[in-house]
Amino acid sequence: FSANYSEQQLRTMPLDALMIDDELNAFDRSVKSFGKFVGDTGTCVHSLTHPDVTQYKNWDVDQMCQWISLLHDGLFRPYLTVLRNGFESDCINGELLPLLTEVTLRNEPFKITNFGHRRMLLLAFQSLQQNINKPNAIETFNVKDDSLIEVEGVKTDGFYK
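Computed from a prediction, not measured in an experiment: that's the story for all the values here.

Here we look at helix 4 (residues 80-89)
And step 1. Of the residues making up helix 4, those classed as buried are Leu80, Leu83, Gly86 and Phe87. Looking straight down helix 4, one finds its buried side chains confined to an arc of 130°; they lie on one side.
And step 2. Packing partners of the buried residues in helix 4 comprise helix 3 (61-70), helix 5 (102-106) and helix 6 (115-130).
And step 3. Cysteine 91 lies just past helix 4 and shows a positive phi near 55°.

Looking at the pattern of salt bridges
And step 1. Using the criterion set out here, one finds six salt bridges in the structure.
And step 2. Aspartate 28 is paired through a salt bridge with lysine 32; the nearest N and O atoms lie 3.2 Å apart. Taken together, the residues span about one helical turn, with aspartate 28 and lysine 32 both in helix 2 (residues 20-49) at a distance of four residues.
And step 3. On the basis of relative accessible area, aspartate 28 is assigned to the partly exposed category, the value being 34%.
And step 4. Residue lysine 32 is classed as exposed on the basis of its relative accessible area of 56%.
And step 5. Across the pair lysine 36 and aspartate 40 runs a salt bridge whose closest N-O atoms are separated by 2.8 Å. Pair noted here: lysine 36 and aspartate 40 are both in helix 2, with a separation of four residues, about one helical turn.
And step 6. On the basis of relative accessible area, lysine 36 is assigned to the exposed category, the value being 54%.
And step 7. In this structure aspartate 40 comes out as partly exposed when scored by relative accessible area, which is 42%.

Quick notes on the packing of helix 3 against helix 4
Between two packed helices, what matters for the description is the angle formed by their axes and the separation of those axes.
And step 1. For the pair helix 3 and helix 4, interaxial distance at closest approach is 10 Å and the crossing angle is 150°. The angle between helix 3 and helix 4 places the two elements in the roughly antiparallel class. As for how helix 3 packs across helix 4, the hand of that crossing is right-handed. In this structure, helix 3 uses Val61, Asp62, Met64, Cys65, Ile68 and Ser69 to contact helix 4, whose residues at the interface are Leu80, Leu83, Arg84, Phe87 and Glu88.
And step 2. Classifying every residue of the contact of helix 3 with helix 4 by side-chain character gives seven nonpolar, one polar and three charged.

Conventions and cut-offs
Each residue is numbered by its place in its chain's sequence as written, counting from 1. Local features are withheld for residues below a pLDDT of 70 in this predicted model, meaning they are given only at 70 or higher, and side-chain atom pairs are given and counted only at 80 or more; totals for whole chains, interfaces and linings count all residues. No hydrogens and no water enter the side-chain calculation; it runs on all heavy atoms of the structure. Burial status follows relative accessibility: with a 1.4 Å probe on protein chains alone, a residue under 20% of its type maximum counts as buried, one over 50% as exposed, and anything between as partly exposed. Secondary structure elements are taken from DSSP: a helix is a run of H or I of four residues or more, a strand is a run of E of two residues or more, and numbering for both begins at the N terminus. What the arc describes is the spread of directions from the helix axis to the C-beta atoms. Every residue pair with non-hydrogen atoms within 4.5 Å of one another is taken to be in contact. Salt bridges are identified by distance alone: a Lys or Arg side-chain nitrogen within 4 Å of an Asp or Glu carboxyl oxygen. Here, axes are lines fitted to C-alpha atoms. For helices the fit covers the stretch in contact, and angles between N-to-C directions go from 0 to 180 degrees. Geometric relationships in this document are graded by angle, where less than 35 degrees denotes roughly parallel, more than 145 denotes roughly antiparallel, 65 to 115 denotes roughly perpendicular, and other angles denote oblique. By convention the crossing between two helices is left-handed if the near helix lies anticlockwise of the far one by an angle smaller than a right angle, and right-handed if it lies clockwise. Polarity classes work like this: nonpolar for Ala, Val, Leu, Ile, Met, Phe, Trp, Tyr, Cys and Pro, charged for Asp, Glu, Lys and Arg, and polar for all others, with Gly in that last group.

Bear in mind that shape data such as this cannot, by itself, settle questions of function.
And the structure:
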(Lines give C-alpha, C1' and ligand atoms only; values in the text may rest on other atoms or scores of the structure.)
Protein backbone atom coordinates (compact mmCIF):
# COMPACT_ATOMS: atom_id res chain seq x y z
CA PHE A 1 0.00 0.00 0.00
CA SER A 2 2.68 2.47 1.00
CA ALA A 3 4.47 1.77 -2.30
CA ASN A 4 1.43 3.11 -4.18
CA TYR A 5 0.29 5.93 -1.89
CA SER A 6 2.25 8.54 0.00
CA GLU A 7 0.85 10.31 3.03
CA GLN A 8 0.66 13.54 1.02
CA GLN A 9 -1.32 11.83 -1.78
CA LEU A 10 -3.80 10.45 0.74
CA ARG A 11 -4.32 13.85 2.37
CA THR A 12 -5.17 15.47 -0.98
CA MET A 13 -7.64 12.79 -2.11
CA PRO A 14 -11.35 13.48 -1.74
CA LEU A 15 -12.88 11.62 1.19
CA ASP A 16 -15.27 9.65 -0.98
CA ALA A 17 -12.28 8.32 -2.94
CA LEU A 18 -10.75 7.04 0.26
CA MET A 19 -12.77 3.92 0.76
CA ILE A 20 -9.72 2.43 2.27
CA ASP A 21 -11.38 1.85 5.62
CA ASP A 22 -14.18 -0.12 3.97
CA GLU A 23 -11.70 -2.08 1.90
CA LEU A 24 -9.57 -2.86 4.93
CA ASN A 25 -12.62 -4.02 6.86
CA ALA A 26 -13.68 -6.23 3.96
CA PHE A 27 -10.14 -7.60 3.72
CA ASP A 28 -10.08 -8.22 7.47
CA ARG A 29 -13.36 -10.17 7.22
CA SER A 30 -11.91 -12.22 4.35
CA VAL A 31 -8.77 -13.00 6.32
CA LYS A 32 -10.83 -14.05 9.36
CA SER A 33 -13.05 -16.20 7.16
CA PHE A 34 -10.00 -17.82 5.58
CA GLY A 35 -8.49 -18.38 9.05
CA LYS A 36 -11.68 -20.15 10.15
CA PHE A 37 -11.56 -22.26 6.97
CA VAL A 38 -7.94 -23.24 7.65
CA GLY A 39 -8.78 -24.06 11.28
CA ASP A 40 -11.79 -26.17 10.27
CA THR A 41 -9.69 -27.95 7.65
CA GLY A 42 -7.00 -28.69 10.24
CA THR A 43 -9.61 -30.09 12.62
CA CYS A 44 -11.02 -32.31 9.88
CA VAL A 45 -7.58 -33.58 8.83
CA HIS A 46 -6.67 -34.27 12.48
CA SER A 47 -9.86 -36.27 13.01
CA LEU A 48 -9.10 -38.34 9.91
CA THR A 49 -5.45 -38.98 10.77
CA HIS A 50 -5.69 -39.41 14.56
CA PRO A 51 -8.03 -42.24 15.52
CA ASP A 52 -10.15 -41.55 18.60
CA VAL A 53 -8.52 -43.59 21.37
CA THR A 54 -11.78 -43.68 23.31
CA GLN A 55 -13.10 -45.83 20.47
CA TYR A 56 -10.12 -48.21 20.23
CA LYS A 57 -12.33 -51.26 20.79
CA ASN A 58 -13.98 -50.51 17.44
CA TRP A 59 -10.76 -49.93 15.50
CA ASP A 60 -10.01 -51.90 12.38
CA VAL A 61 -6.51 -52.73 11.17
CA ASP A 62 -6.17 -49.42 9.30
CA GLN A 63 -7.04 -47.37 12.37
CA MET A 64 -4.69 -49.40 14.57
CA CYS A 65 -1.83 -48.90 12.11
CA GLN A 66 -2.59 -45.19 11.77
CA TRP A 67 -2.46 -44.76 15.57
CA ILE A 68 0.76 -46.79 15.85
CA SER A 69 2.36 -44.70 13.10
CA LEU A 70 1.84 -41.57 15.22
CA LEU A 71 3.43 -42.93 18.40
CA HIS A 72 6.84 -41.58 19.39
CA ASP A 73 7.03 -39.33 16.35
CA GLY A 74 6.83 -42.29 13.97
CA LEU A 75 9.32 -44.59 15.72
CA PHE A 76 7.25 -47.68 14.89
CA ARG A 77 6.60 -46.92 11.22
CA PRO A 78 9.23 -49.45 10.09
CA TYR A 79 7.13 -52.14 11.80
CA LEU A 80 3.80 -51.20 10.20
CA THR A 81 3.91 -53.79 7.42
CA VAL A 82 4.71 -56.67 9.76
CA LEU A 83 2.17 -55.41 12.32
CA ARG A 84 -0.53 -55.03 9.67
CA ASN A 85 0.15 -58.52 8.31
CA GLY A 86 0.12 -59.98 11.82
CA PHE A 87 -3.10 -58.22 12.81
CA GLU A 88 -4.76 -59.47 9.65
CA SER A 89 -3.47 -63.06 9.85
CA ASP A 90 -4.37 -63.41 13.53
CA CYS A 91 -7.67 -61.47 13.26
CA ILE A 92 -6.59 -58.87 15.82
CA ASN A 93 -8.80 -55.82 16.12
CA GLY A 94 -8.63 -52.80 18.40
CA GLU A 95 -10.36 -54.56 21.27
CA LEU A 96 -7.64 -57.22 21.35
CA LEU A 97 -4.73 -54.78 21.01
CA PRO A 98 -4.19 -54.25 24.79
CA LEU A 99 -4.14 -58.03 25.31
CA LEU A 100 -1.03 -58.64 23.21
CA THR A 101 2.08 -59.73 25.09
CA GLU A 102 5.82 -59.43 24.59
CA VAL A 103 5.89 -63.09 23.56
CA THR A 104 3.18 -62.41 20.97
CA LEU A 105 5.16 -59.56 19.42
CA ARG A 106 8.45 -61.49 19.62
CA ASN A 107 7.16 -64.54 17.72
CA GLU A 108 5.44 -65.15 14.40
CA PRO A 109 3.77 -63.39 12.73
CA PHE A 110 5.25 -60.20 14.22
CA LYS A 111 8.88 -61.14 14.99
CA ILE A 112 9.81 -57.78 16.52
CA THR A 113 13.27 -58.54 17.88
CA ASN A 114 14.05 -55.22 19.55
CA PHE A 115 13.03 -55.65 23.20
CA GLY A 116 12.68 -51.92 23.83
CA HIS A 117 10.43 -51.37 20.86
CA ARG A 118 8.29 -54.37 21.81
CA ARG A 119 7.99 -53.05 25.35
CA MET A 120 7.13 -49.55 24.23
CA LEU A 121 4.49 -50.86 21.84
CA LEU A 122 2.95 -52.96 24.59
CA LEU A 123 2.86 -50.00 26.96
CA ALA A 124 1.12 -47.98 24.26
CA PHE A 125 -1.37 -50.80 23.65
CA GLN A 126 -2.06 -51.11 27.38
CA SER A 127 -2.45 -47.35 27.70
CA LEU A 128 -5.53 -47.59 25.50
CA GLN A 129 -7.45 -49.21 28.36
CA GLN A 130 -6.23 -46.62 30.85
CA ASN A 131 -6.89 -43.65 28.57
CA ILE A 132 -10.40 -44.62 27.52
CA ASN A 133 -11.71 -41.23 28.69
CA LYS A 134 -8.84 -39.16 27.29
CA PRO A 135 -9.35 -38.51 23.56
CA ASN A 136 -5.85 -37.02 23.22
CA ALA A 137 -4.12 -39.90 24.94
CA ILE A 138 -1.58 -40.20 22.15
CA GLU A 139 0.09 -37.08 23.51
CA THR A 140 0.29 -38.63 26.98
CA PHE A 141 2.30 -41.53 25.60
CA ASN A 142 4.54 -39.69 23.18
CA VAL A 143 8.22 -39.27 23.95
CA LYS A 144 9.45 -35.83 23.00
CA ASP A 145 12.95 -35.32 21.60
CA ASP A 146 15.11 -35.02 24.71
CA SER A 147 12.65 -36.16 27.34
CA LEU A 148 12.95 -39.33 29.39
CA ILE A 149 10.28 -41.89 30.08
CA GLU A 150 10.32 -44.48 32.79
CA VAL A 151 9.64 -48.08 31.86
CA GLU A 152 9.29 -50.25 34.95
CA GLY A 153 11.85 -48.23 36.88
CA VAL A 154 14.37 -47.92 34.03
CA LYS A 155 14.75 -44.47 32.50
CA THR A 156 15.30 -44.38 28.78
CA ASP A 157 15.31 -41.86 25.99
CA GLY A 158 12.82 -44.04 24.13
CA PHE A 159 15.44 -46.08 22.27
CA TYR A 160 16.85 -49.27 23.70
CA LYS A 161 20.31 -50.16 22.53
